[in-house]
Amino acid sequence: MRSQYLTIEFRRGGERLKPADNRPTRALKYHYQALGIPAWERGRLPVVKTPGQLLFAAGIGMDCHQMGRGGGERVVFRWEAK
């Protein structure tokens, strides 16, 4: 991960995330709906990506596919709305 290029941007639509092994991969829209986050707020929440992979979505969390890779250092993102 240390050598990967990260980008922070707003949602564009169509991004998919799997927050835990026991939860399905879904579009961010459906995760946000299930969490009760209003549609007007969803477009203002940032996401963190590497080329071709969504790592984190504010309000939802990390993608579980990225949580256990490798045995080295890890970066964990946390969103705090103020």
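Here, every reference points to the structure presented above.
The rules behind the values
Residues numbered from 1 in each chain as written. Predicted model: local features only at pLDDT ≥ 70, side-chain atom pairs only at ≥ 80, totals over all residues. Heavy atoms only, no water. Core = buried A, V, L, I, M, F, W, Y, C linked by side-chain atoms within 4.5 Å. Buried < 20%, exposed > 50% of the residue type's maximum accessible area, 1.4 Å probe, protein only. Helix = DSSP H or I, 4+ residues; strand = E, 2+ residues; numbered from the N terminus. Salt bridge = Lys/Arg side-chain N within 4 Å of Asp/Glu carboxyl O.

## Brief notes about the nonpolar core
Then comes step 1: Counting 13 residues, the largest nonpolar core has Leu28, Tyr32 and Ala57 as its most contacted members.
Then comes step 2: Secondary structure elements with two or more residues in this core: α1 (28-35), β4 (46-50) and β5 (53-57).
Then comes step 3: Broken down by element, the residue count for this core peaks at four residues, all from β5.

## Notes on the pattern of salt bridges
Then comes step 1: As enumerated under the stated definition, the model contains four salt bridges in all.
Then comes step 2: The salt bridge partner of glutamate 9 is arginine 12, with a shortest N-O separation of 3.6 Å.
Then comes step 3: A salt bridge links arginine 78 to glutamate 80, with the nearest nitrogen and oxygen atoms 2.8 Å apart.

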